[in-house]
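Letter by letter, the chains look like this.
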Amino acid sequence: MKLITLHVTGMTCGGCVKSVTRVLEELNGVEKAVVTLDDGKAEITFDESAVSIAQLIETIEEAGFDATE
């Protein structure tokens, strides 16, 4: 398992945090996602053989937010 921190912009409330957490944790290969509103970060524990960083970013962006490493 690998841990990465992505910077997420566009979140304005707790509902946004829940949405980002949910879409990430639904991905095959993601063990855990901890998303925080105050610092705009998503700490994701994932299996590199099952999901790529690009897929993580794309999933966040498809949910309506911007994400960068």
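For the structure itself, consult the block above.
Overview of the structure. Every value quoted in this text rests on a predicted model; they were computed, and no experiment measured them.

A short note on the sheet that holds strand β3 (residues 41-46)
Move 1: Reading across the sheet, the four strands line up as β2-β3-β1-β4 and stay open at both edges, with antiparallel pairing between neighbours. Of all strands in the sheet, those with a lone pairing partner are β2 (30-36) and β4 (66-68), marking the two edges. Averaged over all pairs of adjacent strands, the angle between strand axes in this sheet comes to 25 degrees, irrespective of strand direction.
Move 2: Relative to β3, β2 runs antiparallel, the two sharing six bridges.

Examining the environment of leucine 37
Move 1: Within the fold, leucine 37 resides in the loop between β2 and β3.
Move 2: Taking C-alpha positions, leucine 37 is 22 Å from alanine 54, a pair spaced 17 residues apart along the chain.

So, the nonpolar core
Move 1: One finds Leu6, Met11, Leu24, Ile44, Phe46, Leu56 and Ile60 to be the most contacted residues of the largest nonpolar core, which totals 21 residues.
Move 2: In this structure phenylalanine 46 touches Met1, Lys2, Ile4, Gly29, Val30, Glu31, Val51, Ile53 and Leu56, once residues within four positions along its chain are discounted.

Details of the side chain of threonine 21
Move 1: Position of threonine 21 relative to the elements: it lies in helix α1 (residues 14-25).
Move 2: When its relative accessible area of 18% is taken as the criterion, threonine 21 is described as buried.
Move 3: Once residues within four sequence positions are removed from consideration, threonine 21 is found in contact with Ala33 and Val35.

Conventions used here
- Residues numbered from 1 in each chain as written.
- Predicted model: local features only at pLDDT ≥ 70, side-chain atom pairs only at ≥ 80, totals over all residues.
- Heavy atoms only, no water.
- Pairing = 2+ DSSP bridges.
- Helix = DSSP H or I, 4+ residues; strand = E, 2+ residues; numbered from the N terminus.
- Axes fitted to C-alpha atoms, helices over the stretch in contact; angles between N-to-C directions.
- Core = buried A, V, L, I, M, F, W, Y, C linked by side-chain atoms within 4.5 Å.
- Buried < 20%, exposed > 50% of the residue type's maximum accessible area, 1.4 Å probe, protein only.
- Contact = heavy atoms within 4.5 Å.

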